[in-house]
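Observations on chain architecture
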Amino acid sequence: MKRKQLFLFILIFSLGMTSCSLFETDDQNADNTINNPYGATILSCDDFNDDIILEHTSGNMVDYIINCLVTVDNNVKVTIADGAIVEFTEGSGFIFSQNSTLVFYALPGVVDPVILRGNKNEPGYWKGVHVASDQGSNFILGVEILDAGSKSDPDFYGAITVSGGCQIGNVIVSNSANYGIYFTDDYGTWNSFGEVEITRCDNYPIRIGAQEVWKLGNWSDNIFSDNNPNRIQVIPEEIFSQTRFNYKGIPYEVDGVITASEGGIAIEDGVEIIFKRGSRLIIKTQLTAWATENMPIKLYGHEGSAGSWQGILLDTEGADFWSTIDNVLISDGGEEAFGSGNITLESGELYLRNSRISNSRTCGVRVNLVDGILHETDNVYANNQGGNLCEEN
């Protein structure tokens, strides 16, 4: 009987040990130590209570392993520079809050990039970097960020999440579980972009405000590929200073109302903007959508059906300028809730030329003849259910 009891005890103990091992991460060995085959320096949250500089040591495969979710505040400055290689255990990451400062920097072409990656090469293995600080001296330049992002934690929807301000350039983001770079609805003021390459993200490569979209720069500065979807998501918001949609090689996507109140809005040759249901573009300042026949601008509904977005409304009464729509393909507007057309000229002056206006649920173009002046030449109309050109007094 005693032997039988001893056997049962050993069996239960063995099963208990096996059960415990199910909760170990790939970062840790059975004795609860971190898996560290390259002898990297292991850092905890306490190491970031004061200013710290992390640098690369020649010959190191990994320089540092960060083993917690670090919140940096109280005017602390964290510098990661000169090709440092930093790995993060599962669930680890950075939040820069209050008046903290981050300088992640490696001079492109001079030293190797700073590398921030997970201990395991899988999307979302670590959380990423959240910049809540709005310091003008925040930099992420010459950095590769791999294996980050979260589908469930709004603080880390992006491998880089920005609710404050940061200068971002010469950055590679890849293998994110959600967005590549994610700006929250209430982002800060100190934001700028240089070259970025964003690939293999499980969501949009970038989510950025309509006011800030011009900072993405020229097409040659950016590479976006193998993201799902491979489009730039634009936060619908009111625009108070000049902005511009530059050609990026992939479409922009708008889900909501963008109101351009001041400063002007420009759309470059070859730009495509996809509008989801309920979206519209309200122009109370100057619109310049001027393209070429070989690279027309394309504005259309996400669903591809008549009335799947609301269209463009121009309302610039009393302005001493005019707007231009030239070589633009615009379709699928005139959503019933808005009840206008692909283009509605409520007031102001518009030059509409060399464009194709099609598939509106209502009018192709609607003009208020009392307050609107339309100069319309060499346009093509097709399949507009309420008529092609609707003039109203």
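For the structure, see preceding data.
Here the structure is a predicted model, which is why all the values come from computation and not from measurement.

Side note on the nonpolar core
With 84 residues, the main nonpolar core has Ile80, Phe94, Phe104, Leu116 and Ile181 as its most contacted residues. In contact with Phe104, not counting residues within four places along its chain, are Val78, Ile80, Phe94, Phe96, Leu116, Val129, Phe139, Ile140, Leu141 and Val143.

Considering the packing of aromatic side chains
Summed over all chains, the structure comprises 14 aromatic pairs. Judged by centre distance (5.4 Å) and plane angle (85°), the rings of Phe48 and Phe94 are edge-to-face. Pair noted here: Phe48 is in the loop between β1 (41-43) and β2 (52-55) and Phe94 is in strand β7 (residues 93-96), with a separation of 46 residues, a long-range link. Residue Phe48 is classed as buried on the basis of its relative accessible area, which comes to 2%. Judged by its relative accessible area of 0%, Phe94 is buried. Judged by centre distance (4.8 Å) and plane angle (65°), the ring pair of Tyr179 and Tyr182 falls under edge-to-face. Taking the relative accessible area as the measure of exposure, Tyr179 reaches 8% and is therefore buried. In this structure Tyr182 comes out as buried when scored by relative accessible area, which is 11%. These aromatic residues form a ring-pair network of at least three members: Phe48, Phe88, Phe94, Phe96, Phe104 and Trp126.

Let's talk about the pairing of strand β29 (residues 312-315)
Relative to β29, strand β26 (residues 280-283) runs parallel, the two being bridged by 3 bridges. Bridge pairing in β29 links Ile283 to Leu314. Here β29 pairs with strand β32 (residues 341-353) via 4 bridges, running parallel. Opposite Leu314, over in β32, you have Leu345 as the bridge partner.

Remarks on the layout of surface pockets
Its boundaries defined by the atoms lining it, the largest pocket holds a volume of some 200 Å³. Lining the largest pocket we find 18 residues, and of these Asn170, Val171, Ile172, Glu195 and Glu197 sit closest to its centre. When residues of the lining of the largest pocket are traced back to their parent elements, those giving at least two are β11 (139-146), β13 (166-174), β16 (196-199) and β18 (222-225). Split into classes, the residues belonging to the lining of the largest pocket amount to 9 nonpolar, 4 polar and 5 charged.

Quick look at the state of the cysteines
All told, the structure shown has 2 disulfides when counted by the stated rule. Two residues, Cys45 and Cys68, share a disulfide whose sulfurs are 2.3 Å apart. Note on the Cys45 and Cys68 pair: the S-S dihedral is about 130°, so by sign convention the disulfide is right-handed. Taken together, the residues Cys45 in the loop between β1 and β2 and Cys68 in the loop between β3 (64-66) and β4 (69-72) connect sequence positions 23 residues apart. Classification of Cys68 by relative accessible area gives buried; the value is 15%. Residue pairing for Cys363: its cysteine sulfur links by disulfide to Cys390, the two sulfurs lying 2.1 Å apart. Because the sign of the S-S torsion sets the handedness, a value of about -100° for the bond joining Cys363 and Cys390 places this disulfide among the left-handed ones. With Cys363 in strand β34 (residues 363-368) and Cys390 in strand β37 (residues 389-392), this pair connects stretches of sequence that are 27 residues apart. For the residue pair Cys363 and Cys390, the accessibility class agrees, reading buried in each case. Cys166 forms no disulfide, and the closest cysteine sulfur to it belongs to Cys201, at a distance of 17 Å.

Observations regarding the pattern of salt bridges
Taken as a whole and judged by the stated rule, the model has 12 salt bridges. Between Lys120 and Glu122 there is a salt bridge, with the nearest N and O atoms lying 3.6 Å from each other. Between Arg366 and Glu392 there is a salt bridge, with the nearest N and O atoms lying 3.1 Å from each other. With Arg366 in strand β34 and Glu392 in strand β37, the pair connects residues that are 26 residues apart, well separated along the chain.

Considering the pairing of strand β23 (residues 257-260)
On any regular strand, side chains alternate: one points to one face of the sheet, the next to the other face. In the sheet, strand β20 (residues 238-239) pairs with β23 via 2 bridges, with the strands oriented parallel. Paired with Glu238 across the two strands is Thr259, which belongs to β23. Relative to β26, β23 runs parallel, the two sharing 4 bridges. Across the sheet, Val257 pairs through a bridge with Arg280, a residue of β26.

Structural notes on the environment of Tyr351
On the secondary structure map, Tyr351 appears in strand β32. Not counting residues within four places of it along the chain, the set of residues in contact with Tyr351 comprises Trp322, Ser323, Thr324, Ile325 and His375.

So, the side chain of Thr161
With respect to the helices and strands, Thr161 occurs in strand β12 (residues 158-162). Among the polar contacts made by the side chain of Thr161, one reaches the main-chain amide nitrogen of Gly158 at a distance of 3.0 Å. Contact partners of Thr161, with chain neighbours within four places excluded, come to Val129, His130, Val131, Pro154, Asp155, Phe156, Tyr182 and Thr184.

What counts, and where the lines are drawn
- Residues numbered from 1 in each chain as written.
- Predicted model: local features only at pLDDT ≥ 70, side-chain atom pairs only at ≥ 80, totals over all residues.
- Heavy atoms only, no water.
- Core = buried A, V, L, I, M, F, W, Y, C linked by side-chain atoms within 4.5 Å.
- Buried < 20%, exposed > 50% of the residue type's maximum accessible area, 1.4 Å probe, protein only.
- Contact = heavy atoms within 4.5 Å.
- Phe/Tyr/Trp six-rings, centres within 6.5 Å; stacked < 30°, edge-to-face > 60°.
- Helix = DSSP H or I, 4+ residues; strand = E, 2+ residues; numbered from the N terminus.
- Pairing = 2+ DSSP bridges.
- 1 Å grid on protein atoms, 1.4 Å probe; cavity = no way out; pocket = protein on both sides within 12 Å on 5 of 7 lines; lining within 4 Å.
- Points joined across faces, edges and corners; volume = space filled by probe spheres on them.
- Nonpolar A, V, L, I, M, F, W, Y, C, P; charged D, E, K, R; others polar.
- Disulfide = S-S within 2.5 Å.
- Salt bridge = Lys/Arg side-chain N within 4 Å of Asp/Glu carboxyl O.
- Polar contact = N/O pair within 3.5 Å; in protein donor to acceptor, adjacent residues only side chain to side chain.

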